[in-house]
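Listed below, chain by chain, are the residues.
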Amino acid sequence: MPKNTPKPDDRSDNVEKLQDMVKNTIGNMEAAEETMAFSEGKELEAIREKNARREASIEGFREEIKDETEARKNGKV
């Protein structure tokens with residue numbers, strides 16, 4: 001039976017993946033904002049709350065992009 005070993009940590013494309021995640025999240029926020037025009041009450045509030053969480057996620061992604069970019073410059077990736 002083969003032994004399961006973890007894959008090595010490959011951070012070489014993390015910046016690109018994080019940038020894609022930012023773009024996708026912004027797209028989801030824009031789609032949600034369009035939906036808000038046809039929403040009311042609890043549904044409208046839920047969309048607002050979710051977009052607030054998405055905004056926080058985008059900020060986190062951007063911080064990670066900065067960290068990963070710095071790691072690349074320092075040869076750690």
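Note that the structure is predicted; figures quoted are calculated from it, not measured.

Novice: Pulling in residues and values, what's your account of the overall build of the protein chain?
Specialist: For the protein chain, the count of helices and strands is two helices and zero strands. Against the globule reference of 11 Å for 77 residues, the protein chain gives a C-alpha radius of gyration of 18 Å, more extended than a compact globule. Along the first, second and third principal axes, the C-alpha atoms of the protein chain reach 50 × 40 × 15 Å. Looking at the protein chain residue by residue over its 77 residues, the buried ones come to 21%. Residue pairs in contact within the protein chain that sit at least 24 positions apart in sequence constitute 71% of those at least 6 positions apart. Within the structure as shown, the protein chain displays about 6,300 Å² of accessible surface, and the carbon and sulfur contribution to it stands at 49%. Positive and negative side-chain charges of the protein chain, numbering 15 and 19 respectively, have mean locations separated by a distance of 5 Å.

Novice: Let's hear about the nonpolar core: which residues, and what values?
Specialist: In this structure, Val15, Leu18, Val22, Met29, Ile58, Phe61 and Ile65 together form the largest nonpolar core, which totals seven residues. Sorting elements by how many residues they give to this core places helix H1 (residues 14-36) first, with four residues.

Conventions used here
Residues numbered from 1 in each chain as written. Predicted model: local features only at pLDDT ≥ 70, side-chain atom pairs only at ≥ 80, totals over all residues. Heavy atoms only, no water. Helix = DSSP H or I, 4+ residues; strand = E, 2+ residues; numbered from the N terminus. Rg over C-alpha atoms; globule rule 2.2 N^0.38 Å. Buried < 20%, exposed > 50% of the residue type's maximum accessible area, 1.4 Å probe, protein only. Contact = heavy atoms within 4.5 Å. Areas by Shrake-Rupley, 256 points an atom, 1.4 Å probe, with all protein chains shown as cover. Lys, Arg positive; Asp, Glu negative; His and termini not counted. Charge placed at Lys NZ, Arg CZ, Asp CG, Glu CD. Core = buried A, V, L, I, M, F, W, Y, C linked by side-chain atoms within 4.5 Å.

Worth remembering: the numbers are spatial, not functional.
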